[in-house]
Amino acid sequence: MFHVVLVEPEIPPNTGNVIRLCANSGAQLHLIHPLGFVMEDKQLRRAGLDYREWADVREHTDFDRFLRDVKPTRLFACSTKGERLYHQVHYRENDALVFGAETRGLSPEMMARFSSEEIVRIPMVPDSRSLNLSNAVSVILFEAWRQHDFAGSVDAQAAAN
(Lines give C-alpha, C1' and ligand atoms only; values in the text may rest on other atoms or scores of the structure.)
Protein backbone atom coordinates (compact mmCIF):
# COMPACT_ATOMS: atom_id res chain seq x y z
CA MET A 1 0.00 0.00 0.00
CA PHE A 2 1.07 3.55 -0.73
CA HIS A 3 0.32 6.74 1.15
CA VAL A 4 -0.93 9.83 -0.66
CA VAL A 5 -0.35 12.95 1.41
CA LEU A 6 -2.09 16.22 0.57
CA VAL A 7 -0.53 19.09 2.50
CA GLU A 8 -3.08 21.83 3.12
CA PRO A 9 -5.36 21.05 0.17
CA GLU A 10 -7.60 23.95 -0.82
CA ILE A 11 -10.07 22.83 -3.49
CA PRO A 12 -12.80 20.37 -2.43
CA PRO A 13 -13.36 18.72 -5.86
CA ASN A 14 -9.64 17.91 -6.15
CA THR A 15 -9.64 16.20 -2.78
CA GLY A 16 -12.87 14.42 -3.70
CA ASN A 17 -11.22 13.11 -6.86
CA VAL A 18 -8.21 11.93 -4.85
CA ILE A 19 -10.53 10.18 -2.38
CA ARG A 20 -12.06 8.31 -5.31
CA LEU A 21 -8.59 7.51 -6.71
CA CYS A 22 -7.38 6.15 -3.37
CA ALA A 23 -10.53 4.08 -2.93
CA ASN A 24 -9.96 2.48 -6.33
CA SER A 25 -6.23 1.89 -5.93
CA GLY A 26 -6.02 0.84 -2.28
CA ALA A 27 -3.83 3.79 -1.32
CA GLN A 28 -4.30 5.48 2.02
CA LEU A 29 -5.05 9.22 1.87
CA HIS A 30 -3.65 11.61 4.45
CA LEU A 31 -4.88 15.18 4.70
CA ILE A 32 -2.59 17.62 6.49
CA HIS A 33 -4.30 20.58 8.17
CA PRO A 34 -5.26 23.27 7.74
CA LEU A 35 -7.71 22.28 5.01
CA GLY A 36 -9.24 24.90 2.73
CA PHE A 37 -12.68 23.33 3.23
CA VAL A 38 -14.67 21.23 5.65
CA MET A 39 -14.94 17.50 5.05
CA GLU A 40 -18.72 17.77 4.71
CA ASP A 41 -18.38 20.20 1.77
CA LYS A 42 -20.94 19.34 -0.92
CA GLN A 43 -18.35 19.77 -3.71
CA LEU A 44 -16.07 17.30 -1.94
CA ARG A 45 -18.92 14.81 -1.58
CA ARG A 46 -19.97 15.27 -5.20
CA ALA A 47 -16.45 14.64 -6.56
CA GLY A 48 -15.86 11.70 -4.22
CA LEU A 49 -19.35 10.33 -4.87
CA ASP A 50 -19.94 7.39 -2.59
CA TYR A 51 -16.25 6.42 -2.50
CA ARG A 52 -15.61 8.10 0.86
CA GLU A 53 -16.85 4.98 2.64
CA TRP A 54 -14.43 2.83 0.60
CA ALA A 55 -11.38 5.07 1.05
CA ASP A 56 -9.04 5.09 4.02
CA VAL A 57 -8.79 8.83 4.72
CA ARG A 58 -6.95 10.16 7.74
CA GLU A 59 -6.53 13.72 8.89
CA HIS A 60 -3.42 15.00 10.67
CA THR A 61 -2.91 18.29 12.47
CA ASP A 62 0.49 18.76 10.82
CA PHE A 63 3.13 16.94 8.79
CA ASP A 64 5.20 15.92 11.82
CA ARG A 65 2.11 14.27 13.37
CA PHE A 66 1.64 12.34 10.10
CA LEU A 67 5.26 11.14 10.27
CA ARG A 68 4.92 10.04 13.90
CA ASP A 69 1.58 8.29 13.39
CA VAL A 70 2.20 6.60 10.03
CA LYS A 71 5.97 6.05 9.86
CA PRO A 72 6.20 5.76 6.07
CA THR A 73 9.20 3.87 4.67
CA ARG A 74 10.25 6.75 2.43
CA LEU A 75 8.89 10.13 1.38
CA PHE A 76 8.73 11.66 -2.07
CA ALA A 77 7.79 15.27 -2.58
CA CYS A 78 5.98 15.79 -5.86
CA SER A 79 6.82 19.20 -7.30
CA THR A 80 7.43 21.01 -10.56
CA LYS A 81 10.76 21.99 -8.98
CA GLY A 82 12.04 18.41 -8.93
CA GLU A 83 14.98 17.31 -11.06
CA ARG A 84 14.18 13.59 -10.91
CA LEU A 85 11.34 12.29 -13.06
CA TYR A 86 8.66 10.36 -11.18
CA HIS A 87 9.17 7.17 -13.19
CA GLN A 88 12.87 7.01 -12.31
CA VAL A 89 12.05 5.94 -8.76
CA HIS A 90 11.60 2.32 -7.72
CA TYR A 91 8.69 2.75 -5.31
CA ARG A 92 8.30 0.51 -2.28
CA GLU A 93 5.27 -0.44 -0.27
CA ASN A 94 4.59 2.08 2.48
CA ASP A 95 6.21 4.95 0.53
CA ALA A 96 4.47 8.30 0.89
CA LEU A 97 3.82 10.60 -2.06
CA VAL A 98 3.57 14.18 -0.77
CA PHE A 99 1.71 16.89 -2.69
CA GLY A 100 1.28 20.58 -1.85
CA ALA A 101 -1.65 22.94 -2.00
CA GLU A 102 -3.13 23.64 -5.41
CA THR A 103 -2.29 27.36 -5.55
CA ARG A 104 1.20 27.28 -4.05
CA GLY A 105 2.58 23.75 -3.96
CA LEU A 106 4.81 22.71 -1.07
CA SER A 107 6.26 25.56 0.99
CA PRO A 108 10.01 26.26 0.87
CA GLU A 109 10.22 24.98 4.47
CA MET A 110 8.55 21.71 3.47
CA MET A 111 10.72 21.35 0.36
CA ALA A 112 13.84 21.78 2.53
CA ARG A 113 12.94 18.54 4.29
CA PHE A 114 13.59 16.54 1.11
CA SER A 115 16.84 15.75 -0.71
CA SER A 116 16.98 16.28 -4.46
CA GLU A 117 16.60 12.49 -4.88
CA GLU A 118 13.32 12.65 -2.96
CA ILE A 119 11.72 15.38 -5.09
CA VAL A 120 10.06 14.07 -8.23
CA ARG A 121 8.31 15.81 -11.08
CA ILE A 122 6.09 14.97 -14.02
CA PRO A 123 7.47 16.05 -17.42
CA MET A 124 5.55 18.79 -19.21
CA VAL A 125 6.03 20.90 -22.32
CA PRO A 126 7.97 24.18 -21.93
CA ASP A 127 6.22 27.12 -20.25
CA SER A 128 3.71 24.88 -18.47
CA ARG A 129 3.00 25.73 -14.83
CA SER A 130 1.57 22.53 -13.38
CA LEU A 131 -1.02 19.78 -13.69
CA ASN A 132 -4.24 19.70 -11.72
CA LEU A 133 -3.53 18.19 -8.29
CA SER A 134 -5.76 15.15 -8.70
CA ASN A 135 -4.27 14.45 -12.14
CA ALA A 136 -0.72 14.67 -10.76
CA VAL A 137 -1.61 12.29 -7.93
CA SER A 138 -3.07 9.86 -10.48
CA VAL A 139 0.02 9.86 -12.68
CA ILE A 140 2.49 9.21 -9.87
CA LEU A 141 0.35 6.85 -7.79
CA PHE A 142 -0.42 4.64 -10.78
CA GLU A 143 3.27 4.44 -11.69
CA ALA A 144 4.07 3.30 -8.15
CA TRP A 145 1.22 0.78 -8.25
CA ARG A 146 2.21 -0.41 -11.76
CA GLN A 147 5.69 -1.20 -10.47
CA HIS A 148 4.01 -3.56 -8.01
CA ASP A 149 1.95 -5.25 -10.74
CA PHE A 150 -1.20 -3.50 -9.48
CA ALA A 151 -1.14 -5.64 -6.31
CA GLY A 152 -4.59 -6.07 -4.82
CA SER A 153 -6.43 -5.21 -8.04
CA VAL A 154 -8.93 -7.45 -9.78
CA ASP A 155 -6.41 -7.91 -12.59
CA ALA A 156 -3.65 -8.99 -10.21
CA GLN A 157 -6.00 -11.46 -8.54
CA ALA A 158 -7.07 -12.90 -11.93
CA ALA A 159 -3.42 -13.30 -12.99
CA ALA A 160 -2.67 -15.20 -9.78
CA ASN A 161 -5.41 -17.79 -10.50
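The sections below set out a description of the structure shown in this document. Every value quoted in this text rests on a predicted model; they were computed, and no experiment measured them.

Calculation notes
- Residues numbered from 1 in each chain as written.
- Predicted model: local features only at pLDDT ≥ 70, side-chain atom pairs only at ≥ 80, totals over all residues.
- Heavy atoms only, no water.
- Phe/Tyr/Trp six-rings, centres within 6.5 Å; stacked < 30°, edge-to-face > 60°.
- Helix = DSSP H or I, 4+ residues; strand = E, 2+ residues; numbered from the N terminus.
- Buried < 20%, exposed > 50% of the residue type's maximum accessible area, 1.4 Å probe, protein only.
- Pairing = 2+ DSSP bridges.

## Comments concerning the packing of aromatic side chains
Within a pair of aromatic rings, the relevant descriptors are the distance that separates the centres and the angle that separates the planes.
In step 1: In the structure shown here, the tally under the stated rule is 5 aromatic pairs.
In step 2: With a centroid separation of 5.5 Å and 75 degrees between ring planes, the pair formed by F76 and Y91 is classed as edge-to-face. Of this pair, F76 sits in strand β4 (residues 75-78) while Y91 sits in the loop between β5 (84-85) and β6 (96-99), placing them 15 residues apart in sequence. Pair check on accessibility: F76 and Y91 agree, each one buried.
In step 3: Seen in terms of ring centroids, F142 and F150 are 6.4 Å apart; in terms of plane orientation they differ by 50 degrees. Their pairing is tilted.
In step 4: For F142, a relative accessible area of 33% corresponds to the partly exposed category.
In step 5: Overall, the relative accessible area of 30% leaves F150 in the partly exposed class.
In step 6: A network of ring pairs unites the aromatic residues F142, W145 and F150 as a single cluster.

## Some details on the pairing of β6
In step 1: Covered by surrounding structure in β6 are A96 and V98 together with L97 and F99, the residues of both alternating faces.
In step 2: Bridge count for strand β1 (residues 3-7) against β6 is 4 bridges, and the pairing is parallel. Following the sheet pairing, H3 is matched in β6 by A96.
In step 3: Where β4 lies against β6, 4 bridges are found, and the strand directions are parallel. By the bridge assignment, C78 is partnered in β6 with F99.

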